[in-house]
Amino acid sequence: MAYPTNPIYKLVKNPFSDKEESVKIVDADSNTKFVPFDEANTDYQEYLEWVAEGNTAEAAD
Amino acid sequence: MSEIKVNSIKGVGASAAAITVNNTDGTCTANITNNLSNRNLIINGAMQVAQRGTSNTAGGDGYFTVDRMYYYNAGIDNDVTKAQADIASGTTPYSLGFRKSFKLTNGNQSGGAASGDEILIRQNIEAQDIANSGWNYTSSSSFITLQYWIKSSVSQNFYVNLMSIDGTQQNYVTETGTLTADTWTKVTKTIPGNSNLQFDNNNQKGMFIQWNVFRGTSATGTRPLNAWAAYSGSSRVPDMTSTWYTTNDATFEITGVQLEVGSVATDFEHRSFGQELLLCQRYYYQNTAHLYLCHYGSNSINNMFHPVQMRTTPTVSETTTSGNLTSISQITNLSCYYYKASSAGAAGTGIKAEAEL
């Protein structure tokens, strides 16, 4: 799967706990997707591969 | 009153018994082939459910139309149309109760068949569904049986492979035989277990069935047919003809996909649309209805429950590109919260949740 080049991932905080629990990405079809930190989630697996390549997500608001 | 004492009943020309009678406990085992239920390990095998839409020409790979049917391509020059298609009345699949197929329509691959070019469709199966199926998969005398209907506008042979994921990946390659152009053909394959197979009891990908519409020579080579062998990325299937791939607007359709434990292909297990939809929603659902958020202090929230427990915590997104939501939070495989950092009220959007393999 080709990653969007811009924008990339952005960390998202849970507004109730204020903890980072997901990342946000805008995909090639302009959908805003919220990817939870769950290792069985294939989108999260792709995010981890992206991080392993040396990339860093934008900080959460 | 009379009593017949036998230990098996066999057809005159059959090689195996239709009914085997236990000589001591009064039970029997029968090879019944019709009206059986809960046998099909494939979800949406009749291609009835297409939550994402019925036709898509987008590039890239993923799930586009028919639920649970994954599409992959590489190196193509022109995008392929993925569609849920109608099966024509008067055909044999139609008379057997099949109304929909998963259909690919080729683009114009003007550059010809390069070594890295690929067009594939597959269904991924959870490991636990194989582990708990009753198939004694490490035994070569225990079987699963795959059946499907296939139609191609181009007369050629296609390879269909099963691939196990856990442990050392194992690959089992079958072939359709040369298909008659534009004619539905039923293919049945009985597949033995193997001591190298491993299926963990979890919700991860355990096996997939893959229709190789085309593979370039980078991924093809010497590969045994109808036998389990360790996966090799450079010889996933034998070399393929490129006839379909290099034919503009060529079509490829499948339906009636069933994978079941046992050495006999039983009649396809027709499930209702509602049953099939719920099975699909373990992996994906969308709700395009507008959601209205409730005030929560200076913010707005809404709790959304998924229709079924999903395979794992899903990726969730808006069904529109409005960007109204600040976040979707506290996502679990059962529910999630919509959140907007404003008390202004309605967000006016829907949800898509994806937990595909």
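Structure's up top.
Given the structure is predicted, the values throughout are model-derived calculations rather than measurements.

Topic: the overall build of chain A
At step 1: Helix and strand counts for chain A come out as one helix and three strands.
At step 2: The helix and strand sequence of chain A, counted from the amino end, reads β-β-β-α.

Examining the sheet that holds strand S22 (residues 335-340) of chain B
Residue and element names in this part refer to chain B.
At step 1: Across the sheet, four strands lie side by side as S18-S19-S22-S21; this open sheet has antiparallel pairing. Unpaired on one side and paired on the other, strand S18 (294-296) and strand S21 (327-329) mark the two borders of the sheet. Taken pair by pair, the neighbouring strands of this sheet meet at an average axis angle of 35 degrees, ignoring direction.
At step 2: Pairing of S18 with strand S19 (residues 299-305), which is carried by three bridges, proceeds in the antiparallel orientation. Within S19, the position partnered with Tyr-296 by the bridge is Asn-299.

Focus: the interface of chain B and chain A
How big an interface is tends to be stated in terms of the accessible area lost upon association of its parts.
At step 1: Counting residues at the interface gives 26 residues for chain B and 22 residues for chain A.
At step 2: Together chain B and chain A conceal approximately 1,800 Å² of surface at their shared face, both sides included; 53% is due to carbon and sulfur atoms.
At step 3: Applying the counting rule to chain B against chain A returns zero salt bridges.
At step 4: In this structure, the connection of chain B to chain A is made through eight residue pairs in polar contact (both at pLDDT 80 or more).
At step 5: Looking at the side of chain B that touches chain A, the elements that each hand over two or more residues are strand S20 (315-318), S21, S22 and strand S23 (351-354) of chain B.
At step 6: Here the element with the most residues in the side of chain B that touches chain A is S20 of chain B; it accounts for four residues.

Here we look at the packing of aromatic side chains
Residues and elements named next belong to chain A.
At step 1: Within this structure, the stated rule accounts for 17 aromatic pairs over all chains.
At step 2: Geometrically, the ring pair formed by Tyr-9 and Tyr-47 is edge-to-face, given 4.8 Å between the ring centres and 70 degrees between the ring planes. In this pair, Tyr-9 sits in the segment before strand S1 (10-13) while Tyr-47 sits in helix H1 (residues 42-52), placing the two residues 38 residues apart along the sequence.
At step 3: Given the relative accessible area of 9%, Tyr-47 is considered buried.
At step 4: Among the aromatic residues, ring-to-ring pairing joins Tyr-9, Phe-37, Tyr-44, Tyr-47 and Trp-50 into one connected group.

Quick notes on the sheet that holds strand S2 (residues 17-21) of chain B
All names here are of chain B.
At step 1: Read across the sheet, three strands follow the order S1-S2-S3 without closing on themselves; strand pairing throughout is antiparallel. Each edge of the open sheet carries a strand with a single partner, namely strand S1 (8-10) and strand S3 (28-30). Taken over all neighbouring pairs, the strand axes of this sheet differ in orientation by 10 degrees on average, direction set aside.
At step 2: Pairing between S1 and S2: three bridges, direction antiparallel. If you follow Ile-9 over to S2, its bridge partner there is Ile-19.

What about H1 of chain A?
At step 1: Asp-43, Tyr-44, Tyr-47 and Trp-50 of chain A are the residues of H1 of chain A that are buried. With its buried residues spanning 110 degrees around the axis, H1 of chain A presents them on a single face.
At step 2: Taken together, the buried residues of H1 of chain A touch S1, strand S2 (20-26) and strand S3 (32-36) of chain A together with S20 of chain B.
At step 3: Phi turns positive, to about 100 degrees, at Gly-54 of chain A, one or two residues after H1 of chain A.

Focus on the pattern of salt bridges
Residues and elements named next belong to chain B.
At step 1: Taken as a whole and assessed by the stated rule, the structure comprises 13 salt bridges over all chains.
At step 2: Linking Lys-100 and Asp-86 is a salt bridge whose minimum nitrogen-to-oxygen distance equals 2.5 Å. Placement of the pair is Lys-100 in strand S8 (residues 100-105) and Asp-86 in strand S7 (residues 81-86), with a sequence separation of 14 residues.
At step 3: Given a relative accessible area of 25%, Lys-100 falls into the partly exposed group.
At step 4: Residue Asp-86 is classed as exposed on the basis of its relative accessible area of 58%.
At step 5: Taken together, the salt bridges that share partners define one network made up of Arg-52, Arg-68, Glu-354 and Glu-356.

Quick notes on the environment of Thr-217 of chain B
Residues and elements named next belong to chain B.
At step 1: Along the chain, Thr-217 turns up in the loop between strand S14 (205-215) and strand S15 (228-230).
At step 2: Taking the C-alpha atoms as reference points, Thr-217 and Asn-287, 70 residues apart in sequence, are found 42 Å from one another.
At step 3: The contacts of Thr-217, once residues within four sequence positions are left out, are Ser-115, Ser-234 and Asp-239.

Quick word on the nonpolar core
Residue and element names in this part refer to chain B.
At step 1: One finds Leu-162, Trp-211, Phe-252, Ile-254 and Leu-259 to be the most contacted residues of the largest nonpolar core, which totals 48 residues.
At step 2: Within the residue set of this core, elements represented by two or more residues are S8, strand S9 (118-126), strand S10 (143-152), strand S11 (159-164), strand S12 (170-175), strand S13 (185-192), S14 and strand S16 (251-261).
At step 3: Looking at which element gives the most residues to this core, the answer is S14, with five residues.
At step 4: Not counting residues within four places of it along the chain, the set of residues in contact with Leu-259 comprises Arg-39, Asn-40, Leu-41, Ile-42, Ile-125, Ile-144, Thr-145, Leu-146, Leu-162, Met-207 and Ile-209.
At step 5: One finds Leu-291, Ile-328, Ile-331 and Cys-336 within the second-largest nonpolar core, a separate group that totals 15 residues.

Rules used throughout
- Residues numbered from 1 in each chain as written.
- Chains lettered and ligands numbered in written order.
- Predicted model: local features only at pLDDT ≥ 70, side-chain atom pairs only at ≥ 80, totals over all residues.
- Heavy atoms only, no water.
- Helix = DSSP H or I, 4+ residues; strand = E, 2+ residues; numbered from the N terminus.
- Pairing = 2+ DSSP bridges.
- Axes fitted to C-alpha atoms, helices over the stretch in contact; angles between N-to-C directions.
- Contact = heavy atoms within 4.5 Å.
- Buried area = accessible area lost by both parts, 1.4 Å probe.
- Salt bridge = Lys/Arg side-chain N within 4 Å of Asp/Glu carboxyl O.
- Polar contact = N/O pair within 3.5 Å; in protein donor to acceptor, adjacent residues only side chain to side chain.
- Phe/Tyr/Trp six-rings, centres within 6.5 Å; stacked < 30°, edge-to-face > 60°.
- Buried < 20%, exposed > 50% of the residue type's maximum accessible area, 1.4 Å probe, protein only.
- Arc of directions from axis to C-beta.
- Core = buried A, V, L, I, M, F, W, Y, C linked by side-chain atoms within 4.5 Å.

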